Amino acid sequence: MKRRLLAFIFLLTLLLPCPLKAAVFYPQTKTLDNELQIVVVENHLSPAAAFMLFYKVGAADDPKGQTGLAHFLEHMMFKGTRDVPKGAFSAKIAALGGQENAYTTKDYTAYHTSLAAERLEDIFALEADRMKNLLLDPQETLRERDVVLNERKERTDNSPQGIFAEKMNEALYGAHPYAAPIIGKKQDIQNFTPQIVRDFYERHYAPSRAILVVSGAVQPQEIFALAQKYFGEISAPSFAAAPLPVWTREKGTIAVEHKDERVKQAFFVRRWVLPEIKVQSREALAFDVLAELLAGGEVGLAFRHFVLDQNSATSLSASADTLTRGPVSFVLSATPAPDHDVRDLERDVMRFLQELAQKGLTARTVVEAKQRMKDSAIFARDRLMAPAQILGATLAAGYDLSFIEDWPEHIDTVTTKDVHQALQTLLHAPYQARGILEGGA
Amino acid sequence: MNRLILFFLLLLLWPVHAHAESTPVIQRIKSPKGLEAWLIEDHKLPLIAFQFAFEGGVETDSPDKQGLSVLMASLLTQGAGSYDEKAFQDALAAASIALDVEAGRDRITGTMKTLARNKDEAFKFLALALTSPRFEQSSFVRLKRQMQTLRKIQSAKPAWMSRYTLYRHIFQAHPYSQRALGTAQSLEALTREDIKTHHANLLARDNLSVAVVGAITAQELAPLLDQIFGALPEKSTRPNIPPVVWPKAPARTLVKRQGEQTEILFAAPMLPRHDPDWHAAQIANYILGGGGFTARLMTALRAHQGLTYGISTDLIAMEKASLLIGSVATGNTQVRPALDLLQTVWQDFYKNGAAEPEITAAQDFLTGSLPLSLTSTDAMAAMLLAMQTQKLGMDYLARYKERVRAVTKDQVQRVIQKWFDPQQLSFAMAGAPDNVTFNVVYDKIDD
C-alpha cells in the first residue's frame, strides 16, 4: 500500500509539468449543473490570481434605441446589492489588496479582479451575490447616467479620433448591431431608467450565460469546489442569446472624410467586413497571418515598403478580428510622413496590395510570420490576467477552448495559398469603409 | 496518519505555501570585470526578461538639442555591427526577440524579452546594439521625421497640453521642463555627430543597472554581463543636473481648446523618495485620491455627484523633484463645481487628517497588493531595476510589508500637514471651462 502510494505520487509529479503536446495555456474546465462554465489556468510565477467573470452579453445585444445598455449595466454592477451596499464591493476588494474593474465589448461583458491567490474566496462570494441580488437603486441609476455621459465625452465627444471611429463603424456595419457605439449614443444613455436596466439584467445575467475563468497560483479542484459552493445554488431563469441578425448591408465602399481643426496629423483607415468567411476556419485564420505578414513588428512587408523604403509613412498597422460572434473583419491604417499627402499614401498602399496579390507571396515570408505568431503564444503565458482574458473571450464568442489550445497547430495549417487568397478576398471584398481624419474646418 | 504519507503530502504542499509567504529570492551577480546584475532565477516559463538602465536621460539634452536622448535611444535598435537596419530587425524578428531602448526623464532604459532557446542570439544582438550601433544616415533621417510626426499627434491631445504647461510652470528653466521629442527646430538641427557623442557620453559602466528574471542561472549570467556591456567606456560624462526649485506661487493655466470637456491636471511638491516618511505619504495619497473607487475624491466627485468618469492622484518621484499629481476631466460647465468640490474635500483632508480605519484600509491595500506588482517576468525585472535605480535596497520587497505596517497615524498626519496643503496646488487645464479664472492663458501650443 505504502509503496503503491509512493509510486503514484511520483507518477503524478512526473506527469504534471510534462504535457503531452505543446498547447497554449493548459486549462482545466468544468460545468456546474446550472450550466456555469468554469475554466482554470495554473500559473505559479507569483502568488497571485486573476478572477474573471464573463457574461455572454455585449453591446451587440443592446435593444433597438437603447444603445449602451450592456455597458451601462456594467457600471451599475458596482452600485450595490442588499448585503453589499454601494461602495462596499470596491472597499472589500481594496482591503484584500485586490484591483477590480470591468469592461464591455461588442460580444460580452467581463468583470475582473486580481489579488493574492490566498484571498480568492471572498471574490467568489461577491461575484455570486451580484449575479442575482443587484439593487439598481433609482437615484443611483440617474447619477450613473451622468458618469457615463462624462465617460462618453472623454472617450468620444471630446476626441476627434473617437468621433471618427464612430462614423467609420456606422459606415462599415450599416444596420448590423456592431455599427452602434459600445458606450451608447448620448440620447439613449439619457433615457435609461431603473426598469430598463433591471429587465436587461434579469434577462441576461444568469449562470447559464456566464463563464468563470481563474488564472494564477491556484489548484483547479479548489476553484471548482469554490464555484460549486458560491454559484451552485443560483438558478435564475436563463434566456438564450438572440442570434445576431443576418448581414443585410448594401454592397459598396463607403467613404468617411472627417475634418476637425483640432487634428494636427492626418491618417487613413481602411476597414473590411467579411461575412462570407466562415469563423473558426482556416480561411479566417489566414487573415490573422496576413495582418502579421503585412505589418508585424518592423518586418512586415507593407511596413517595410512604406516606412523604411519609400519613407512616405511614419507608421502602418494591420489587424484581423477573427475571434468574434459576428462577421470576421480586417483593418489597415497608416500615417503619412511629413510632406506626404494622406490621400497619396492611401492610393499607394492599396496599389501595393494589388501588386502583391499579382506577384504572389513567398512561402518564406508566410512561414516567418507564422513562427512569430506561434512564439507569441508562449509569451502570452507570462501574464497574470491575459490567459483568463483570452480564454474567456474565446468561450464568450461561442468558440471551444480547443480553438486557443490548438491555435499554434491551426496557424501551422494555414498555407501560402490561403494567405494569398485572403489578400485577394480583401481586394474584391464588397463591404468596405475607407476613412480619412485630417485637420481643417 | 502514516508518517511517510504525511511527509510526502507535506513535500507536495510545501513549495506552494512557502511561495505564498515569501518574496522571490534575489541574487546579486558580479561579472569577472566587476559588472553587477540582480537576478531572480525562475524556470517555470522558457523565457528571459532582461532590463537595464543608464543614469542620465532626457534631462541631459541641452535646450538647443532637445530630442537628442530619445533619438539616440531609438537608433540603437536600427542596425549595429555588420547588420544594417533591415538585417538587424530581420534577425530579431526571426528569433522572436523583443528589444526596446527608450529615453526617460532621468535615465535610458532598455527591455529585452527572449525565449530561452534563443538567448545566445538575443544577448549577441543586445551587445551589438549597445556597443556598436551604426547610426546610419537613412535611419537617422527616418526616425527624426517619425519624431516630428509623433510631436504633432502628441501636441493635439488635451492630456498632453495640460501636462506640458503644468511642467513648464513648475520646472521653468530646469531641464525637466523640456520636450522629450524635441521642438521642430531642435530636432531639425540635430546631427549624427551629436548622436554619436551622446552615445559615447551616456552609455558607460559606471551608471549602469541590470535586472534579469527568468530561465537563466547565475553562472550563465555573470560572463554574459561582460560580453554585453564590457566594451562600454568605464565612465559616463553627464552634466550635473540641479534639484528643482519650485516656484513661490502656484499657478492656474489654460490652453484653449474647443470641445465639450476640459482636461484638468493639478500638482503640488512632494517629499523625496528616500524620505523616511515616504510610506506615510503613500498612505495619505491612497486615502485622498490614489485608492481607486474607495478614495475620497473619487467617492465625492464621481460616486456622489456624477461630475466625472474619474479622478485620481499619484506620487511621482523623479531624481530632482517629487510631485503629488492628479487629473480629472469634466464637461465645461461642470469645471467650476468640480473644482469647488475638489477644494472642499482636499481642505477637509488637510485640516482634519485621515481617520484610523482609513489608514488601516490603505495599509491593507498597499501590503496586500504587493504580489500584483510581480505577476510576470517583465514586471519582476522592472521592480528589480527600480530597486536599484531608486536605491531602495535588496531587502526592499522582503521588508516592504513591515515598513508600511509600521507607519503610525501621527506620521500620516504630519505628512498631510506638510505636503497636502490645497493652497500649494497648481492647476493646468486644456479646454473651454466656464467661470474659471487663470494667470496664464495660451491660445495654442506650438506643435
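Attention here is on the structure that accompanies the text. (Residues numbered from 1 in each chain as written. Chains lettered and ligands numbered in written order. Predicted model: local features only at pLDDT ≥ 70, side-chain atom pairs only at ≥ 80, totals over all residues. Heavy atoms only, no water.)

This brings us to the nonpolar core. A:Leu290, A:Leu294, A:Leu316 and A:Phe330 are the most contacted members of the largest nonpolar core, which totals 77 residues. It is helix α10 (residues 282-295) of chain A that contributes the most residues to this core, 10 residues altogether. Two domains share this core, each providing at least three of its residues, namely domain 1 (6-231) and domain 2 (252-438) of chain A. Sequence-distant contacts of A:Leu316, that is, excluding residues within four places in its chain, are made with A:Leu294, A:Ala295, A:Ala302, A:Phe303, A:Phe306, A:Val307, A:Ser333, A:Ala334 and A:Val349. Residues B:Trp38, B:Leu307, B:Ala362 and B:Phe420 belong to the second largest nonpolar core, which totals 67 residues. (Core = buried A, V, L, I, M, F, W, Y, C linked by side-chain atoms within 4.5 Å. Buried < 20%, exposed > 50% of the residue type's maximum accessible area, 1.4 Å probe, protein only. Helix = DSSP H or I, 4+ residues; strand = E, 2+ residues; numbered from the N terminus. Domains from an automatic or database assignment. Contact = heavy atoms within 4.5 Å.)

Of note, B:Ser138 is situated in helix α5 (residues 137-155). Residues B:Ser138 and B:Asp84 lie 54 residues apart in sequence; the distance between their C-alpha atoms is 10 Å.

Hydrogen bonds between backbone atoms are what pair the strands of a sheet, whose relative direction is either parallel or antiparallel. Residues and elements named next belong to chain A. Taking strand neighbours across the sheet as the criterion, the five strands line up as β7-β11-β8-β10-β9 in an open arrangement whose pairing is mixed. Edge positions in the sheet fall to β7 (252-259) and β9 (313-321), since each of these pairs with one other strand and no more. Within this sheet the neighbouring strands show an average axis-to-axis angle of 10°, counted without direction. The sheet contact formed by β9 and strand β10 (residues 328-336) spans eight bridges and is antiparallel. Paired with Leu316 across the strands is Ala334, a residue of β10. On the sheet, helix α17 (residues 416-427) packs against β8 (267-274), β10 and β11 (431-438) and is oriented at approximately 105° with respect to β8. (Pairing = 2+ DSSP bridges. Axes fitted to C-alpha atoms, helices over the stretch in contact; angles between N-to-C directions.)

Moving on, we come to the sheet that holds strand β2 (residues 36-41) of chain B. Residues and elements named next belong to chain B. As summarised here, the arrangement of the six strands in space is β1-β2-β6-β3-β5-β4, forming an open sheet in which the pairing is mixed. Each of the sheet's edge strands pairs with one partner strand only, and the pair in question is β1 (27-30) and β4 (98-103). In this sheet, adjacent strand axes meet at a mean angle of 20° when their direction is disregarded. Taken together, the six bridges between β4 and strand β5 (residues 107-115) define a ladder with antiparallel strand orientation. Residue pairing for β5: Ala98 is matched across the bridge by Lys113.

A word on the interface of chain B and chain A. Tallying the contact residues gives 68 residues for chain B and 70 residues for chain A. Both sides of the chain B and chain A interface together cover about 6,000 Å² of buried area, and 58% of this is carbon and sulfur. At the surface where chain B touches chain A, the tally comes to five salt bridges. B:Arg117 is paired through a salt bridge with A:Asp375; the nearest N and O atoms lie 3.0 Å apart. The tally of links between chain B and chain A comes to 30 residue pairs in polar contact (both at pLDDT 80 or more). For the side of chain B that touches chain A, the class distribution of residues is 25 nonpolar, 26 polar and 17 charged. (Buried area = accessible area lost by both parts, 1.4 Å probe. Salt bridge = Lys/Arg side-chain N within 4 Å of Asp/Glu carboxyl O. Polar contact = N/O pair within 3.5 Å; in protein donor to acceptor, adjacent residues only side chain to side chain. Nonpolar A, V, L, I, M, F, W, Y, C, P; charged D, E, K, R; others polar.)

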